[in-house]
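Here is what each chain is made of, one letter per residue.
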Amino acid sequence: MHIGEVADRTGLSHRTIRHYDEVGLVVPSGRSDGGFRLYTEADVDRLLLIRRMKPLDYRLDEMKALLEAVDAVRADASDAEARARLSGFAEDVAARRAALQRQLDMADEFTRLLAAL
(Lines give C-alpha, C1' and ligand atoms only; values in the text may rest on other atoms or scores of the structure.)
Protein backbone atom coordinates (compact mmCIF):
# COMPACT_ATOMS: atom_id res chain seq x y z
CA MET A 1 0.00 0.00 0.00
CA HIS A 2 1.05 3.56 -0.57
CA ILE A 3 1.09 6.06 2.28
CA GLY A 4 -2.26 7.58 1.25
CA GLU A 5 -4.13 4.32 1.71
CA VAL A 6 -2.33 3.70 4.99
CA ALA A 7 -3.29 7.19 6.18
CA ASP A 8 -6.93 6.55 5.28
CA ARG A 9 -6.97 3.19 7.06
CA THR A 10 -5.23 4.39 10.22
CA GLY A 11 -6.60 7.91 10.55
CA LEU A 12 -3.04 9.23 10.78
CA SER A 13 -1.71 12.00 8.58
CA HIS A 14 0.96 11.44 5.94
CA ARG A 15 3.23 13.68 7.98
CA THR A 16 2.72 11.64 11.15
CA ILE A 17 3.41 8.37 9.33
CA ARG A 18 6.59 9.80 7.82
CA HIS A 19 7.64 11.07 11.25
CA TYR A 20 7.15 7.64 12.78
CA ASP A 21 9.37 6.29 9.98
CA GLU A 22 12.04 8.92 10.68
CA VAL A 23 12.15 8.09 14.40
CA GLY A 24 12.12 4.34 13.79
CA LEU A 25 8.70 3.37 15.15
CA VAL A 26 7.54 1.92 11.87
CA VAL A 27 9.63 1.23 8.81
CA PRO A 28 7.92 0.78 5.44
CA SER A 29 8.28 -2.78 4.21
CA GLY A 30 9.51 -1.58 0.86
CA ARG A 31 9.90 1.15 -1.70
CA SER A 32 8.42 1.46 -5.16
CA ASP A 33 10.63 1.92 -8.23
CA GLY A 34 9.92 5.63 -7.84
CA GLY A 35 11.07 5.61 -4.21
CA PHE A 36 7.62 5.84 -2.63
CA ARG A 37 7.10 4.11 0.71
CA LEU A 38 5.20 0.83 0.53
CA TYR A 39 3.42 -0.69 3.52
CA THR A 40 1.99 -4.11 4.35
CA GLU A 41 -0.89 -5.18 6.60
CA ALA A 42 1.66 -5.77 9.36
CA ASP A 43 2.83 -2.16 9.00
CA VAL A 44 -0.77 -0.94 9.24
CA ASP A 45 -1.30 -3.07 12.36
CA ARG A 46 1.83 -1.54 13.91
CA LEU A 47 0.60 1.98 13.11
CA LEU A 48 -2.78 1.17 14.66
CA LEU A 49 -0.99 -0.01 17.80
CA ILE A 50 0.95 3.26 17.90
CA ARG A 51 -2.27 5.23 17.35
CA ARG A 52 -3.80 3.52 20.37
CA MET A 53 -0.93 4.77 22.53
CA LYS A 54 -1.43 8.42 21.58
CA PRO A 55 -4.53 9.17 23.71
CA LEU A 56 -2.68 7.76 26.72
CA ASP A 57 0.12 10.33 26.25
CA TYR A 58 2.91 7.89 25.55
CA ARG A 59 6.15 9.63 24.55
CA LEU A 60 8.02 8.41 21.47
CA ASP A 61 10.68 6.69 23.59
CA GLU A 62 7.98 4.88 25.56
CA MET A 63 6.26 3.84 22.32
CA LYS A 64 9.55 2.50 21.03
CA ALA A 65 10.16 0.49 24.22
CA LEU A 66 6.65 -0.97 24.11
CA LEU A 67 6.99 -1.87 20.43
CA GLU A 68 10.34 -3.55 21.15
CA ALA A 69 8.68 -5.65 23.85
CA VAL A 70 5.82 -6.57 21.48
CA ASP A 71 8.31 -7.49 18.75
CA ALA A 72 10.34 -9.62 21.17
CA VAL A 73 7.26 -11.53 22.36
CA ARG A 74 6.08 -12.07 18.79
CA ALA A 75 9.53 -13.36 17.82
CA ASP A 76 9.77 -15.67 20.85
CA ALA A 77 6.64 -16.22 22.91
CA SER A 78 8.71 -17.89 25.62
CA ASP A 79 10.91 -14.81 26.18
CA ALA A 80 10.21 -14.26 29.89
CA GLU A 81 11.97 -10.89 30.03
CA ALA A 82 9.97 -9.51 27.11
CA ARG A 83 6.74 -10.88 28.62
CA ALA A 84 7.57 -9.16 31.91
CA ARG A 85 8.17 -5.84 30.14
CA LEU A 86 4.89 -6.27 28.27
CA SER A 87 3.11 -7.02 31.53
CA GLY A 88 4.53 -3.82 33.01
CA PHE A 89 3.23 -1.88 30.03
CA ALA A 90 -0.20 -3.50 30.44
CA GLU A 91 -0.31 -2.29 34.05
CA ASP A 92 0.77 1.18 32.95
CA VAL A 93 -1.91 1.26 30.24
CA ALA A 94 -4.55 0.35 32.82
CA ALA A 95 -3.39 3.14 35.14
CA ARG A 96 -3.34 5.70 32.31
CA ARG A 97 -6.78 4.58 31.18
CA ALA A 98 -8.14 4.97 34.72
CA ALA A 99 -6.73 8.51 34.88
CA LEU A 100 -8.30 9.31 31.53
CA GLN A 101 -11.63 7.89 32.75
CA ARG A 102 -11.49 10.20 35.78
CA GLN A 103 -10.97 13.16 33.45
CA LEU A 104 -13.92 12.08 31.32
CA ASP A 105 -16.09 11.70 34.42
CA MET A 106 -15.19 15.25 35.46
CA ALA A 107 -15.96 16.51 31.95
CA ASP A 108 -19.36 14.76 32.06
CA GLU A 109 -20.06 16.30 35.45
CA PHE A 110 -19.12 19.73 34.13
CA THR A 111 -21.33 19.24 31.07
CA ARG A 112 -24.30 18.35 33.29
CA LEU A 113 -23.60 21.34 35.52
CA LEU A 114 -23.58 23.74 32.57
CA ALA A 115 -26.73 22.18 31.12
CA ALA A 116 -28.53 22.71 34.42
CA LEU A 117 -27.77 26.44 34.49
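Read on for an overview of the structure.

So, how was this worked out
Numbers given for residues are sequential positions, taken from 1 along each chain in its written order. Totals for whole chains, interfaces and linings use every residue, but because this is a predicted model, local features are given only for residues with pLDDT of at least 70 and side-chain atom pairs only at 80 or more, for both listing and counting. The side-chain figures draw on all heavy atoms in the structure; neither hydrogens nor water molecules are used. Lines fitted to C-alpha atoms define the axes, with helix axes restricted to the stretch in contact, and inter-axis angles between N-to-C directions lie between 0 and 180 degrees. The secondary structure listing takes helices from DSSP runs of H or I that are at least 4 residues long and strands from runs of E that are at least 2 residues long, numbered from the N terminus. Relative orientations are named as follows: roughly parallel for angles under 35 degrees, roughly antiparallel for angles over 145 degrees, roughly perpendicular for angles from 65 to 115 degrees, and oblique for any other angle. Contacts: residue pairs with any heavy atoms within 4.5 Å of one another. Throughout this entry, Asp, Glu, Lys and Arg are counted as charged residues, while Ala, Val, Leu, Ile, Met, Phe, Trp, Tyr, Cys and Pro are counted as nonpolar. The remaining residues, Gly among them, count as polar. Throughout this description, buried means an accessible area under 20% of the type-specific maximum (1.4 Å probe, protein chains only), exposed means over 50%, and partly exposed covers the range between. Read the arc as the range of directions from the helix axis to the C-beta atoms. One less than the residue count of a helix, multiplied by 1.5 Å, gives the span that helix is expected to have. Within 3.5 Å is the distance limit for a polar contact, defined as a pair of N or O atoms, with the added protein rule that one can donate a hydrogen and the other accept it, and that residues adjacent in sequence qualify only through two side-chain atoms. By convention a nonpolar core is built from buried Ala, Val, Leu, Ile, Met, Phe, Trp, Tyr and Cys residues, the set being connected through side-chain atoms within 4.5 Å. Whenever Lys or Arg places a side-chain nitrogen within 4 Å of a carboxyl oxygen from Asp or Glu, that contact is recorded as a salt bridge.

It is at 9 Å that the axes of helix α1 (residues 3-10) and helix α2 (residues 14-22) come closest, and there the two elements cross at 105 degrees. By the angle between their axes, α1 is roughly perpendicular relative to α2. Residues Ile3, Gly4, Val6, Ala7 and Thr10 of α1 form the contact with α2, whose participating residues are His14, Ile17 and Arg18. Grouping the constituent residues of the contact of α1 with α2 by class yields 4 nonpolar, 3 polar and 1 charged.

With that settled, consider α2. Of the residues making up α2, those classed as buried are Ile17, Tyr20 and Asp21. Axial view of α2: buried residues confined to an arc of 105 degrees, hence all on one face. Residues of α2 that are exposed and point more than 90 degrees away from the buried face comprise Arg15 and Glu22. The elements touched by buried residues of α2 are α1, β1 (30-31), β2 (37-38), α3 (41-53) and α4 (60-75). Just beyond α2, the residue with positive phi is Gly24, at close to 85 degrees.

Helix length check: helix α5 (residues 80-116), at 37 residues, gives a terminal C-alpha distance of 54 Å against a target of 54 Å (1.5 Å per residue), a fit within 8%. Put simply, Asp79 is the residue that caps the front of α5, since its side-chain oxygen is 3.2 Å from the backbone nitrogen of Glu81.

Ile17, Tyr20, Leu47, Ile50 and Met53 are the most contacted members of the largest nonpolar core, which has 21 residues in total. Going through the elements one at a time, α1, α2, α3 and α4 are the ones with two or more residues in this core. Top contributing element to this core by residue count: α3, with 5 residues. Excluding its chain neighbours within four sequence positions, the residues that come into contact with Tyr20 are Leu12, Leu25, Val26, Leu47, Ile50, Lys54 and Leu60.

What follows concerns the side chain of Arg37. Note that Arg37 resides in strand β2. Reaching out from Arg37, the side chain makes a polar contact with the side chain of Asp21 at a distance of 2.8 Å. Look past the residues within four positions of Arg37 in its chain and what remains in contact with it is Met1, His2, Ile3, Arg18, Asp21, Pro28, Gly30 and Arg31.

Here we come to the pattern of salt bridges. All told, the structure shown has 7 salt bridges when counted by the stated rule. For Asp21, the salt bridge is made with Arg37, and the minimal N-O distance between the two is 2.8 Å. Separated by 16 residues along the polypeptide, Asp21 in helix α2 and Arg37 in strand β2 bring together distant segments of the chain. In this structure, the salt-bridge partner of Glu62 is Arg96, at a minimum N-O distance of 3.1 Å. On the criterion of sequence distance, the pair formed by Glu62 in helix α4 and Arg96 in helix α5 is long-range, its members being 34 residues apart. Connected via shared salt-bridge partners are Arg59, Asp61, Glu62, Asp92 and Arg96.

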